[in-house]
Amino acid sequence: MRSSLTYTAGLVCVFALATAGCSAGSDGTSDAAPAATKPATSASPSESASSGTSGTSSTSYAPYVSAGEASDNDSAGSPATYNLAFVISDDSSCTPEWNGASAVDDSAVKSRISALTESGATVRVSFGGASGKELATTCDSASALADAYGEALDAAGSTQADFDIEGDQLTDSDSVALRSEAIALLQEDRPDLEVSFTLPVMPSGLDDDGLALLESANKYDVQVSTVNIMTMNYGESYDDDMGAYAITSAKATQAQLKEVFGTTDATAWRALALTSMIGTNDVDNETFTLADAAEVRAFAEEKGVAWVSMWSTFRDQECEEGTSTDDALTNCSGVEQSSGAFAEAFSG
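Residues numbered from 1 in each chain as written. Predicted model: local features only at pLDDT ≥ 70, side-chain atom pairs only at ≥ 80, totals over all residues. Heavy atoms only, no water.

Engineer: Please clarify how a negative patch on the surface should be interpreted in this entry.
Structural biologist: A grouping of D105, D147, E151, E188 and D189 is seen on the molecular surface, where their side chains present a negatively charged patch. Secondary-structure elements contributing two or more residues to the negative patch are helix 4 (142-156) and helix 6 (173-189). Mapping E188 onto the fold places it in helix 6. (Patch = residues over 30% accessible without salt bridge, like charges linked within 9 Å, V, L, I, M, F, W, Y side chains within 5 Å. Areas by Shrake-Rupley, 256 points an atom, 1.4 Å probe, with all protein chains shown as cover. Salt bridge = Lys/Arg side-chain N within 4 Å of Asp/Glu carboxyl O. Lys, Arg positive; Asp, Glu negative; His and termini not counted. Charge placed at Lys NZ, Arg CZ, Asp CG, Glu CD. Helix = DSSP H or I, 4+ residues; strand = E, 2+ residues; numbered from the N terminus.)

Put into structure tokens, the structure is as follows:
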């Protein structure tokens, strides 16, 4: 059972810092930041434009893709941004690698990024994920960690950083604090760096650990552009309509962001992004359908959500006959579909 959420004045500045400019003190007061501070409510140029075929929506489509291997479905839905998964530690030091296996400046990855961005799309480097060691758990100082993050961003040619923090890494207060300090240092050197946090969610919203991470970011004056919630893998008690659960989770989180950041409805919605696990989820009886994707997309457009995403382009295809459950979770969706159909649904 999840404990009740407690909101603190110290959280108010996280989003205000990125929108109006503030520097939080221990008492929650603030002073003005430089006028050049980038508004969190303004997406990157490519994401401000509409994506997909709708031609009018401010909600962009930004799927997660493999940094090392191309998928025939990568370009489906004409993404505005690709979330490159994942940069983690080489397991024993403060060295960033793609999935703990390839150097961040690997020539094959560079070629892949060039191919992804030929259409004008941008790339967002996603640090962390569910497997391996996030760099904050292996680097021994904030400056070293900031350098490691910067090395990966430079190699990808990106000004967008996503921090996917989940599992034990979300409850490790030491690494959470070190990461916040490092991101703040990174943003001092890179004032145009857009930062998003990708966090687990339930239909009740973010849990205390997710809110504590935002509080840590506030403590170190991190400018947060977006909170991306993972609308997936809720647990055995949730086995019905995954689209409805995603929307319920989004509404609960938006209410939290509005109260925590002391902002308007529209600004809180614009600070939100939604990522769903398409098809078969890791939890039994949870299946996210094409109808769910269309429902989530329509909802996101209505509310002005910053972007929608999915895990992942390489799963956006029907499984071949005889495919095991494990393979369905890795290489295909586990539902009947045409290739790229989820991308088309999410892009509108």
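Engineer: Looking at this model, I keep getting lost on helix 3 (residues 107-116). Mind explaining?
Structural biologist: Residues three or four positions apart in an α-helix share a direction because the helix packs 3.6 residues into each turn. Here helix 3 has its buried residues at V109, R112, I113 and L116. Projection of helix 3 onto a plane perpendicular to its axis shows the buried side chains occupying an angular sector of 100 degrees, all on one side. Structurally, the start of helix 3 carries an N-cap: the backbone nitrogen of A108 is 3.0 Å from a side-chain oxygen of D106. (Buried < 20%, exposed > 50% of the residue type's maximum accessible area, 1.4 Å probe, protein only. Arc of directions from axis to C-beta. Polar contact = N/O pair within 3.5 Å; in protein donor to acceptor, adjacent residues only side chain to side chain.)

Engineer: Could you clarify how one ought to interpret the pairing of strand 6 (residues 122-128) in this entry?
Structural biologist: Moving residue by residue along a regular strand, the side chains alternate between the two faces of the sheet. Within strand 6, six of the seven residues are buried, which leaves the element mostly enclosed by the surrounding structure. Summarising the sheet, strand 3 (residues 81-89) and strand 6 pair through five bridges and their orientation is parallel. Bridged to N83 within strand 6 is R124. Both strand 6 and strand 7 (residues 160-164) contribute to a ladder of four bridges, which runs parallel. By the bridge assignment, F127 is partnered in strand 7 with F163. Between strand 6 and its parallel partner strand 7, the chain crosses via helix 4, and the hand of that crossover is right-handed. (Pairing = 2+ DSSP bridges. Right-handed = clockwise from strand over helix to strand, strands pointing away.)

Engineer: For this particular structure, what's the right way to read the confidence of the model for the protein?
Structural biologist: Low pLDDT marks stretches whose predicted atomic positions should not be read closely. Mean pLDDT over the protein works out to 85, with 84% of the residues at or above the 70 mark. Note that pLDDT drops below 50 for residues 1-55; the model gives that stretch 121 contacts with residues more than four away or on any other chain. (pLDDT = per-residue confidence, 0-100. Contact = heavy atoms within 4.5 Å.)

Engineer: What is the right way to read unusual backbone geometry from this model?
Structural biologist: Where the residue is not glycine, phi is negative for most of them; where a peptide bond is considered, it is trans in most cases. A cis amide bond, omega -20 degrees, links A85 with the succeeding residue F86. Tracing the chain through its elements places F86 in strand 3. Going from W311 to S312, the amide bond is cis rather than trans, its omega being 0 degrees. When you line up the elements, S312 lands in the loop between strand 13 (307-311) and helix 11 (325-331).

Engineer: Can you walk me through the state of the cysteines in this structure?
Structural biologist: Working definition of a disulfide: a covalent bond connecting the sulfur atoms of two cysteines. Across all of its chains, the model carries two disulfides by this definition. The partner cysteine of C94 in its disulfide is C139, sulfur to sulfur 1.8 Å. Judged by the torsion about the S-S bond (90 degrees), the C94/C139 disulfide is right-handed. Placement of the pair is C94 in the loop between strand 3 and strand 4 (96-98) and C139 in the loop between strand 6 and helix 4, with a sequence separation of 45 residues. Judged by relative accessible area, which is 24%, C94 ranks as partly exposed. Note that C319 is cross-linked by a disulfide to C332, the S-S spacing being 2.0 Å. With the S-S bond torsion at 95 degrees, the cross-link from C319 to C332 turns out right-handed. Of the two residues, C319 is situated in the loop between strand 13 and helix 11 and C332 in the loop between helix 11 and helix 12 (341-347); the sequence distance between them amounts to 13 residues. By relative accessible area, which is 4% here, C332 ends up buried. (Disulfide = S-S within 2.5 Å.)

Engineer: Looking at this model, I keep getting lost on the packing of helix 8 (residues 242-261) against helix 10 (residues 290-303). Mind explaining?
Structural biologist: One can describe the packing of helix 8 onto helix 10 by two numbers: an axis separation of 8 Å at closest approach and a directional angle of 25 degrees. Classed by the angle they form, the pair helix 8 and helix 10 counts as roughly parallel. The element helix 8 and its partner helix 10 pack so that their crossing is right-handed. Residues M242, G243, A244, A246, I247, A250 and K251 of helix 8 form the contact with helix 10, whose own contacting residues are D292, E295, V296 and F299. Looking at side-chain class alone, the contact of helix 8 with helix 10 contains seven nonpolar, one polar and three charged residues. (Axes fitted to C-alpha atoms, helices over the stretch in contact; angles between N-to-C directions. Parallel < 35°, antiparallel > 145°, perpendicular 65-115°, else oblique. Left-handed = near helix turned anticlockwise from the far one by under 90°. Nonpolar A, V, L, I, M, F, W, Y, C, P; charged D, E, K, R; others polar.)

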